[in-house]
Amino acid sequence: GAFSYRHIPPKPNPWQGKHRRTKADYFCASNARNTAFIYAKGTHIVCVDDTTALTSGWLNHAVDAMVGNYVVLGAYRKIYDGTVTISESGILDETRAAHPNEKNCGQSGLDSRLSHGKPGELVKVDGACFYGCSFCLPLEAAIKINGFDELYDALSGEDYDFGSRLHRAGYQLNYCVD
C-alpha cells in the first residue's frame, strides 16, 4: 500500500525554531522525540536520527519488538554530509565527506556498542546502552517514564538517561548488532 505521513514540527522551545531565545538552533532531541510521543498513533514508536544509516536487519528487529512488545535498540553508522544507497544485494554504499569534528573528536561514525553482540542475536543491555539514534519501544513505556528529559536539550545525554529510567521502570532493553 501507499505510505503516508504527516510532518509535525517539534513543539516550541527556547533552543530551536521560530520561538528560540538563542542566536542559533541547538540540538534538541528530547523535545523532538517528546513531540513524536504526543502525536504518535498506535502501540509502538520507532525513532531514527537523520544522520543514521540503519543496519540491514534493523527493520526486522523493530517489527519483532512490536510483536513481542519489548524495547529494541539498533546498531548504527553515522553518515555526515554524504549520500547512502543500498545495492540490490542489500549492501550499504556510502559517499561521505568528513564530519567537521571527526579529526578532532575521533568520531568514526561507528556504533561503540558493536562488541556487545553478534549479528542475528539480541543482547540484553542496561540503560547506559540506550542510544537515541535508532530504537523501537512501546509508546506506553515512554509515557510511563514521562518521556525524554528536556533539561538535556542543547546538551545531549538525554538518551542514556531515558534508557536508565526505562530500565529502572522494569523494561528490558535489547540491542541488535544487525
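To keep things clear, this report deals only with the structure shown in the data block. (Residues numbered from 1 in each chain as written. Predicted model: local features only at pLDDT ≥ 70, side-chain atom pairs only at ≥ 80, totals over all residues. Heavy atoms only, no water.)

### Quick look at the sheet that holds strand β3 (residues 71-74)
Stated formally: Strand pairing is assigned whenever DSSP detects at least two bridges linking the two strands. Each helix is a run of DSSP H or I of at least 4 residues and each strand a run of E of at least 2, with the numbering of both proceeding from the N terminus. Axis lines are fitted through C-alpha atoms, for helices just across the contact stretch, and the angle between N-to-C directions can take any value from 0 to 180 degrees.
Strand order in this open sheet of five strands is β1-β8-β3-β9-β7, and the pairing throughout is mixed. Whereas interior strands pair on both sides, the edge strands pair on one side only; in this sheet they are β1 (44-48) and β7 (122-125). Each strand of the sheet is rotated relative to its neighbour by a mean of 25°, with strand direction disregarded. Of the pairings in the sheet, the one linking β7 to strand β9 (residues 173-176) comprises four bridges and is antiparallel in character. In the strand pairing of β9, L122 is matched with C176.

### Let's talk about the pattern of salt bridges
Charged atoms that come close allow side chains of opposite charge to pair. The condition that has to hold: Just to be clear on terms, a salt bridge is a Lys or Arg side-chain nitrogen sitting within 4 Å of an Asp or Glu carboxyl oxygen. Partly exposed describes any residue whose relative accessible area lies between the buried limit of under 20% and the exposed limit of over 50%, with all areas from a 1.4 Å probe on protein chains only and scaled to the type maximum.
Enumeration according to the criterion identifies six salt bridges in this entry. The shortest N-O distance in the salt bridge between K11 and E150 comes to 2.6 Å. You can see K11 sitting in the segment before α1 (29-39) and its partner E150 sitting in the loop between α4 (139-144) and α5 (158-168), a full 139 residues away along the chain. Take K11: its relative accessible area is 27%, and that puts it in the partly exposed class. For R33, the salt bridge is made with D49, and the minimal N-O distance between the two is 3.1 Å. Here R33, found in helix α1, pairs with D49, found in the loop between β1 and β2 (52-54); they are 16 residues apart in sequence, far enough to count as distant. Residue classification places R33 among the buried positions, given a relative accessible area of 6%.

### Focus on the side chain of T35
Put simply, the rule is: Residue contacts are defined here by distance: any two heavy atoms, one from each residue, within 4.5 Å place the two residues in contact.
Among the secondary structure elements, T35 is positioned in helix α1. By relative accessible area, which is 4% here, T35 ends up buried. Sequence-distant contacts of T35, defined by excluding residues within four places in its chain, comprise I8, P9, P10 and K11.

### A short note on the pairing of β3
Within a regular strand, the side chains alternate between the two sheet faces. Neither face of β3 is exposed, since V71 and L73 on one face and V72 and G74 on the opposite face are all buried. When β3 meets strand β8 (residues 134-138), the two strands line up antiparallel, connected through two bridges. Following the sheet pairing, L73 is matched in β8 by F135.

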